[in-house]
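Architecture at a glance
Below are the chains, spelled out letter by letter.
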Amino acid sequence: MSTMAVPDVAVAEVDQGFWTRNRKIGAVLLALGVLAAVLFGALATGQQARFTLSETEGGAALEINGTVGAILFGIIAAAAGAALLAGIPKRWFTVVLGVGLVAFVLSFLCWQVSAAPEGRNFMPLVNIVRGTFILALPLIFGALAGVLCERTGVVNVAIEGQLLMGAFSGALFGSISGNVWVGLVAAAIGGAFISLLLAVFAIRYLVDQVVMGIVLNLLAVGVTGFLYERLMQTQAEKYNSAPRFSNWEIPLLKDIPLLGPALFRGNIFLYLGLLLVLVIHIALFRTRWGLRTRSVGEHPTAADTLGVKVLGLRYRNVLMAGMVAGIGGASYTLALYSFTKNMIGGKGFIALAALIFGRWSPTGALLAALFFGFADQLGTYLGAIGSSIPSQFLAMLPYLATILAVAGLVGRVRAPAADGKPYIKG
């Protein structure tokens, strides 16, 4: 009697019973909604929670009684969780989950804003949106660097080092030359330098890519820290006073309510980041280069058989990724701050999480980066209004959001099949 082997895919599709992943998420969301309605509703005050459509307290605003808003949005979150628990069609899962999460956040904000001291019980939405994009910028560039690498089969754990080297190079050469564009080019080269080391050791010498990425992060921390102490700290005026990119206002678009002041009165990094998301998305899914990149990341042997130069394509994409991340690092030192030791502070690893959360897609990475940027900005805002939540917990918000998003919301995701696997041409 012959036996039939059951493929792994078929095993994965076996009915998991009542408690599917979607229903488990629904149960958690239901519990969060009930918690929000009861706890946030009890802690909120009868003051109006004002969400202004400007940068100040004045102007048009959305207002709701704090207690009513906390309870109402908590009930909406619970209803969304109940719908997921009941087993709605999969095509509605993302929408309902999004509604539930937004409602939970709004319930929390109704509590916090209404309980804030008089004169601070408002949330300026323009500032929140602008701050979200500013804080998300290095994550956007870093996640795009990850997309370019991992779609071609090279794991990029060195995003942190590429961002840091870009920030350092931009500050140093921008200061020496007194030219912000020289600093931008230097930042791209600095990030590409870390990528070159990654490419040579991972592609040519077949070193473990994850280990190599960690080593390169430590190398970037060490080199930039040493040079910072020897040059920048002792002669800051000469080596750590790079010029800044000014904000560029786009006529007409800048006057759009809420989004206009936040998005169309920004610096070059904001526009370049959004443009790169669009360009890389189109290139990856609509061009010959994109088809070859995805084929090399999925099945390099088959791509080689069809005439694609696998190793050459990997080298080019990894170097491009370093340049993108380097420019992202420069968004710190050529737009906001002077360089300090290890100033990236783990943002490269959050960018790596955004890459996974965004399912190795440029647009997905953008949305994930904005999610983490919002968590960071929310912590800053709550600290400014004197929230009763301990400041240490507020500082944890972006990292906590990263853990919850990747561990709880992503579910089963599949990286490119050849990601992290060296290719040895036969």
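Right above here is the structure, for reference.
Counting restarts for each chain: residues are numbered from 1 in the order of the written sequence. For a predicted model such as this one, the threshold for reporting local features is a pLDDT of at least 70, and the threshold for listing and counting side-chain atom pairs is 80 or more; totals across whole chains, interfaces and linings nevertheless cover every residue. Only hydrogens and water are set aside; all other atoms, that is, all heavy atoms of the structure, feed into the side-chain values.

With that settled, consider empty space enclosed by the protein. Using only the protein atoms, space was sampled on a 1 Å grid; points where a 1.4 Å probe fits but cannot get out form cavities, open sets with protein on both sides within 12 Å along at least five of seven lines form pockets, and lining residues are those with an atom within 4 Å of a point. Grid points are joined across faces, edges and corners, and a volume is the space filled by probe spheres set on the points. If you walk through the whole model with that rule in mind, you get 1 cavity of 30 Å³ or more. Here the largest cavity defines a volume of roughly 30 Å³. Every residue along the wall of the largest cavity is listed here: Leu135, Leu139, Lys347, Ile350, Phe372, Gly373, Asp376 and Pro398. Put simply, DSSP H or I for four residues or longer makes a helix, DSSP E for two residues or longer makes a strand, and each gets a number counted from the N terminus. Those elements that place two or more of their residues in the lining of the largest cavity are helix 5 (125–150), helix 15 (347–357) and helix 16 (362–384).

Our next topic: the side chain of Asn156. Among the secondary structure elements, Asn156 is positioned in the loop between helix 5 and helix 6 (159–177). Any residue under 20% of the maximum accessible area for its type is buried, any over 50% is exposed, and the rest in between are partly exposed; the area is computed with a 1.4 Å probe on protein chains only. We classify Asn156 as buried; its relative accessible area is 0%. Among all residues touching Asn156, those that are not within four sequence positions of it are Ala145, Gly146, Cys149, Glu150, Gln162, Leu198 and Leu352. Contact between two residues is taken to exist if any of their heavy atoms lie within 4.5 Å; hydrogens are not considered.

Moving on to the sheet that holds strand 3 (residues 122–124). The 3 strands lie next to each other as 2-1-3, forming an open sheet whose pairing is mixed. What marks the edges here is a single partner per strand, and that holds for strand 2 (61–65) and strand 3. Averaged over all adjacent pairs, the angle separating strand axes in this sheet is 15°, with direction ignored. Packed onto the sheet, helix 4 (residues 93–115) meets strand 1 (48–52), strand 2 and strand 3 and runs at close to 105° relative to strand 1. In this description, strands pair whenever DSSP reports at least two bridges between them. For helices, the fitted axis covers only the stretch in contact; all axes are lines through C-alpha atoms, and the angles between them, taken along N-to-C directions, range from 0 to 180 degrees.

On to a nonpolar patch on the surface. A contiguous nonpolar patch, built from Val68, Leu72, Ile76, Trp92, Val95 and Val99 and spanning about 520 Å² of accessible area, is present on the exposed surface. Broken down by secondary-structure element, the contributors of at least two residues to the nonpolar patch are helix 3 (66–86) and helix 4. Within the secondary structure layout, Val99 lies in helix 4. A residue is classified by how much of its surface remains accessible, and Val99, at 43% relative accessible area, is partly exposed. A patch consists of residues exposed above 30% relative accessible area that lack any salt bridge, with like charges linked at up to 9 Å and nonpolar side chains (Val, Leu, Ile, Met, Phe, Trp, Tyr) linked at up to 5 Å. Residue burial considers only the protein chains on display, and all accessible areas are found by Shrake-Rupley using a 1.4 Å probe. Should a side-chain nitrogen of Lys or Arg be within 4 Å of a carboxyl oxygen of Asp or Glu, the pair is scored as a salt bridge.

In total, this model carries 7 salt bridges according to the counting rule given. Between Arg265 and Asp255 there is a salt bridge whose closest N-O contact spans 3.7 Å. Of this pair, Arg265 sits in strand 5 (residues 265–266) while Asp255 sits in the loop between strand 4 (248–249) and helix 10 (259–263), placing them 10 residues apart in sequence. What makes Arg265 partly exposed here is its relative accessible area of 28%. With a relative accessible area of 52%, Asp255 lands in the exposed category. As a salt-bridge pair, Arg414 and Glu298 come within 3.2 Å of each other at their nearest N and O atoms. With a gap of 116 residues between them, Arg414 in the segment after helix 17 (391–409) and Glu298 in helix 12 (residues 288–298) connect regions that are remote in the sequence.

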